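Structural description and commentary
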Amino acid sequence: MSPILQGILTIIIGVGGCVGYFYASNLILDKFIFPARGQHAGRNINRANKVRPWLFLFPAIFALSLYLVYPVIGSFYRSLFDRSGMNFIGLGNYFDLMNEGTFRTAVFNNMLWVLFVPAMATFLGLLVAQLTDRLSWGNIAKSLIFMPMAISFVGASLIWKFVYSANPDIGIINSLRDFIGLVPVDPIQVSFWNNFFLMFILVWIQTGFAMVILSAALRGIPEETIEAAIIDGANPFQVFFSIKVPQIMGTIIVVWTTITILVLKVFDIVYTMTGGNFGTHILPSYMMTYMFRDDGRATAVAFVIMILVLPVMVWNIRQARKEMR
Amino acid sequence: MKTKFYAGVATLALLAGGASAQDLIVEPGTDGFNWDSFEEFSAAHDFSGETITVTGPWLQPDAGMLRNVLAYFEDATGATVNYSGSDSFEQDIVIAVQANSAPNIAVFPQPGLASDMAAIGALAPLGQETADWMIENYAAGQSWVDLGTFANPDGEQEMFGFFYKVDVKSLVWYSPEQFDEMGYEIPETLEDLKALSAQMVEDGGTPWCIGLGSGAATGWPATDWVEDMMLRLHEPEVYDGWITNDVPFNDPRVVEAIEAYGEFVRTDGWAQGGAEASATTDFRDSPAGLFQIPPACYMHKQASFIPSFFPEGSEFGFDYDFFYFPASSERDLGEPVLGAGTQFAITNDSPATRGLIEFLKAPIAHEIWMAQSGFLTPHTGVNLDTFGDDSLRAMNEILLNATTFRFDASDVMPGEIGAGAFWTGMVDYTTQGDAQAAADAIQSRWDAMR
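This is a predicted model, so every value here is computed, not measured. (Residues numbered from 1 in each chain as written. Chains lettered and ligands numbered in written order. Predicted model: local features only at pLDDT ≥ 70, side-chain atom pairs only at ≥ 80, totals over all residues. Heavy atoms only, no water.)

This brings us to the overall build of chain B. Along its length, chain B carries 19 helices and 11 strands. Relative to the globule expectation of 22 Å for 450 residues, the C-alpha radius of gyration of chain B, 23 Å, shows essentially globular dimensions. Projected onto its principal axes, the C-alpha positions of chain B cover 80 × 55 × 50 Å. The buried share among the 450 residues of chain B stands at 56%. Residue pairs at least 24 apart in sequence account for 75% of intrachain contacts in chain B once pairs closer than 6 positions are excluded. Surface accessibility of chain B: about 18,100 Å² in total, with carbon and sulfur atoms responsible for 48%. For chain B, the distance from the average position of its 18 positive side-chain charges to the average position of its 68 negative side-chain charges is 8 Å. (Helix = DSSP H or I, 4+ residues; strand = E, 2+ residues; numbered from the N terminus. Rg over C-alpha atoms; globule rule 2.2 N^0.38 Å. Buried < 20%, exposed > 50% of the residue type's maximum accessible area, 1.4 Å probe, protein only. Contact = heavy atoms within 4.5 Å. Areas by Shrake-Rupley, 256 points an atom, 1.4 Å probe, with all protein chains shown as cover. Lys, Arg positive; Asp, Glu negative; His and termini not counted. Charge placed at Lys NZ, Arg CZ, Asp CG, Glu CD.)

Structure (structure tokens):
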């Protein structure tokens, strides 16, 4: 069968299946299990209504456990095996990781990323949101800053490869060095600092995201509080730091933690820029070096990442829910 | 309404299934080709109505050239062959096998991966008959058989891989025009090559363009250098032991080979931009230096595929040429050749699939691709006149004249080493210059595998 027909058929079966499931399950519930007639009609209706939400939730819960809970448990189980996937070695992979120099470098670099990128992106996003708020060409400025969001991480990395090029005719850093008469260096190979060069790419991409959310939050601040502050003689800095920022603190935290979660997952930039060479590995890129070769080791790294993401995620969800109330 | 719907479906079906049978690229009967082998195969096989799926690492233009070859198989047998290429073949095939959706044939670019697949029982053995055929018909046949022989799940050695389309790596590319102008001679020995490099520096030039950059695979070109050095400094047995780690990676002989590579990349003035620039220059951009005026460098060591990345319109024999990366005169080790190649292995057996492997034994299956481009073969029964261009014929002669042929070691080593630690180690060595430390790091990674 040709792929197009297959696709159409899949859609028909999928949509039809969903409709069929809800129709048939309700029918069975209402007609056979708790029929709304006979001597217990009233009680049956109440019971049916108690079951119904679960009936509607079931496909979602089922899919969620199939695609989320099962893989998590499965991954953990897999991480207890050696590279052939046959021999059980307990927590051996985790102990080996602890003793690996590259893994420790990756953890250290990842900490730098988590500290630097969300802070920088949120700070710059807030700054831009505030500065462009009253400008006549503010929307143009915002669009320009938002634009990198539309570029894939790999694409962005390729662009920045030119910016960091060792050739003074292409790379901006070396062009500046050339201008003041210094010999060109390859920024990507400057140990320790090269991490920051890579991080900056992600900051460049994510600032737009932070800006959009924070500028919406800034607009949401009631005018009265600001007017009152101005009448009381607050200068612009005081208005910003003592009135505006505290009022949007919740949003700042949501933006911050969302970017943190992203940072813990992003590997494309390191993978395309350096391939983890020159001491720039972070956990996800380190995981990729084992993927498809040593599943046990790779899933062990994946688990470490998951454990690191978990608290941030919980905090993020709590804040987001608080925001919505 | 209903007729409209049917009409719609019919149109869709036409659009989707309308890929027409491919035309034959060389008219059967054209002079020079082994049409006998084609007729003979055609008469003996009939797989009408059957479909064979093939996956491999080739994308355009290679995929198109393979399809041109497969069109002859389809024409001869009536079977349909669907080839799909992927640039992440190594990952895809593992997933497909684990998901029980393996294609009939997988084309492995790395024996290491094929070996892993054989060990979990994903490959069907090709049988003694094919092994015997290879010994008889391939130059250095036994080495090819050995490279395609892996342990099956029970630990017994069987042949799984059929080599088709190979590469020669021991090549140095240069510009004949520049060599003429400066009066440089093609070096006959490794010592001459070093003397020539020193001479070029003395004349104010830069002898080498070296580029190790390749995204996440950065460092692999350096592994080719080290492998060529291994073959030129030590017996082939040392090389074989090195691949299996019977000779540890931090053995003095391996460190010597790494340092022999370092002599080229780390000697002041030998590599364009120095060692640091070499570590990040993309291997695809690196040969551009040969074509600049004045030349940014005179020589570039790279495998047979590299002309695809030469500037548009460069002509073999005029703009560029190559010579064999020479062997050492001090150590009597013959003329070793380093290469690589792709092997066909059966991942989902069927009679038609076996038929396709049979077809690859016919000289015509090699000649059709030789007539296109980028194809070398160790098959001794082919007519070398069918090569589309002279450079390929010259390369194929290097391949057929080799006294020792060894497969790219990094492709045979376990993935973590050959496609990981070895690459990273070479980048570290190129920029920092401590061969022993780099070798120790790779060996410790090998020790940590379990």
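Looking now at the interface of chain A and chain B. On the chain B side, the residues contacting the 26 residues of chain A number 27 residues. Surface buried jointly by chain A and chain B totals about 2,300 Å² across both partners, of which 56% is contributed by carbon and sulfur atoms. Inspection of the region where chain A meets chain B yields four residue pairs in polar contact (both at pLDDT 80 or more). Elements with a minimum of two residues in the side of chain A that touches chain B: α1 (3-33), α3 (92-98), α12 (268-273), α13 (283-290) and α14 (295-324) of chain A. Ranked by residues supplied to the side of chain A that touches chain B, first place goes to α1(A) with three residues. Classifying every residue of the side of chain A that touches chain B by side-chain character gives 10 nonpolar, seven polar and nine charged. (Buried area = accessible area lost by both parts, 1.4 Å probe. Polar contact = N/O pair within 3.5 Å; in protein donor to acceptor, adjacent residues only side chain to side chain. Nonpolar A, V, L, I, M, F, W, Y, C, P; charged D, E, K, R; others polar.)

Our focus in this paragraph is the environment of Gly90(A). All names here are of chain A. With respect to the element layout, Gly 90 can be found in the loop between α2 (41-78) and α3. Take Gly 90: its relative accessible area is 16%, and that puts it in the buried class. Gly 90 sits 11 residues away from Ser 79 along the chain, and the two C-alpha atoms are 8.3 Å apart. Filtering out sequence-adjacent residues up to four positions away, Gly 90 remains in contact with Ser 79 and Leu 80.

A separate point is unusual backbone geometry. Residue and element names in this part refer to chain B. The omega torsion of the bond from Ile 293 to Pro 294 falls at -5°, within 30 degrees of zero and hence cis. Along the polypeptide, Pro 294 turns up in the loop between α13 (274-280) and β8 (299-301). Even without being a glycine, Asn 100 presents a positive backbone phi close to 60°. Following the sequence through the fold, Asn 100 ends up in the loop between α4 (89-98) and β3 (105-108). For Asn 100, a relative accessible area of 75% corresponds to the exposed category. Located in the positive-phi region is Asn 245, a residue other than glycine, with phi close to 70°.

Bringing a negative patch on the surface into the picture now. On the surface, a cluster of negative charge is contributed by Glu185(B), Glu188(B), Asp192(B) and Glu335(B). Within the secondary structure, Glu335(B) sits in the loop between β9 (321-324) and β10 (336-346). (Patch = residues over 30% accessible without salt bridge, like charges linked within 9 Å, V, L, I, M, F, W, Y side chains within 5 Å. Salt bridge = Lys/Arg side-chain N within 4 Å of Asp/Glu carboxyl O.)

All names here are of chain A. A cluster of nonpolar side chains, contributed by Leu 64, Leu 68, Val 69, Val 72 and Ile 73, occupies part of the molecular surface with about 440 Å² of accessible area. Along the chain, the position of Val 72 falls in helix α2. Residue Val 72 is classed as partly exposed on the basis of its relative accessible area of 30%.

Now for the state of the cysteines. Residues and elements named next belong to chain B. Applying the stated criterion to the full structure yields one disulfide over all chains. With its sulfur 1.9 Å from that of its partner, Cys 209 forms a disulfide with Cys 297. For the disulfide bridge between Cys 209 and Cys 297, the dihedral angle about the S-S bond is near -100°, and by the sign convention the bridge is left-handed. Placement of Cys 209 in the loop between α9 (190-202) and α10 (220-233) and of Cys 297 in the loop between α13 and β8 is noted, with a sequence separation of 88 residues between them. Considered together, Cys 209 and Cys 297 belong to a single accessibility category, that of buried residues. (Disulfide = S-S within 2.5 Å.)

This next bit is on the confidence of the model for chain B. Of the residues in chain B, 95% have a pLDDT of 70 or more, and the chain-wide mean is 86. Two summary scores accompany this predicted model of the complex, namely pTM at 0.77 and ipTM at 0.71. (pLDDT = per-residue confidence, 0-100.)

All names here are of chain A. Within the secondary structure, Ser 79 is located in the loop between α2 and α3. In this structure Ser 79 comes out as buried when scored by relative accessible area, which is 0%. For Ser 79, the side chain forms a polar contact with the side chain of Tyr 94, separated by 2.8 Å. Other than its neighbours up to four places away in sequence, Ser 79 contacts Gly 90, Asn 93, Tyr 94, Gly 296, Thr 299 and Ala 300.

Two quantities define a packed helix pair, namely the angle between the helix axes and the distance between the axes. Residue and element names in this part refer to chain B. Where helix α2 (residues 35-44) meets helix α3 (residues 62-77), the axes come as close as 8 Å, and the angle between the chain directions of the two elements is 45°. Between α2 and α3, the crossing angle belongs to the class labelled oblique. At the point where α2 passes α3, the crossing takes the right-handed sense. The segment α2 lies against α3, with Trp 35, Phe 38, Phe 41 and Ser 42 engaging Tyr 72, Phe 73, Asp 75, Ala 76 and Thr 77. In the contact of α2 with α3, the residues fall into six nonpolar, two polar and one charged. (Axes fitted to C-alpha atoms, helices over the stretch in contact; angles between N-to-C directions. Parallel < 35°, antiparallel > 145°, perpendicular 65-115°, else oblique. Left-handed = near helix turned anticlockwise from the far one by under 90°.)

Residue and element names in this part refer to chain B. Viewed as axis vectors pointing N to C, α3 and helix α14 (residues 351-361) meet at an angle of 120°, and their least axial separation amounts to 11 Å. It follows that α3 is oblique to α14 by the angle criterion. The handedness of the crossing between α3 and α14 comes out as right-handed. Where α3 approaches α14, its residues Val 69, Leu 70, Tyr 72 and Phe 73 are matched on the opposing element by Ala 352, Gly 355, Leu 356 and Phe 359.

Of all hydrophobic cores here, the largest spans 79 residues; its most connected members are Phe162(B), Phe344(B) and Phe359(B). In terms of nonpolar packing, the next biggest core, distinct from the first, is built from 53 residues, Trp242(B), Tyr261(B), Ala409(B) and Ala438(B) among them. (Core = buried A, V, L, I, M, F, W, Y, C linked by side-chain atoms within 4.5 Å.)

It is worth spelling out the sheet that holds β8(B) at this point. Residues and elements named next belong to chain B. What the three strands build is an open sheet, ordered β8-β7-β9; its pairing is antiparallel. Strand pairing shows two members of the sheet lacking a second neighbour, β8 and β9, which therefore form its edges. Strand-to-strand twist of the sheet, defined as the mean angle between neighbouring strand axes without regard to direction, takes the value 30°. With four bridges joining them, strand β7 (residues 171-174) and β9 adopt antiparallel strand pairing. (Pairing = 2+ DSSP bridges.)

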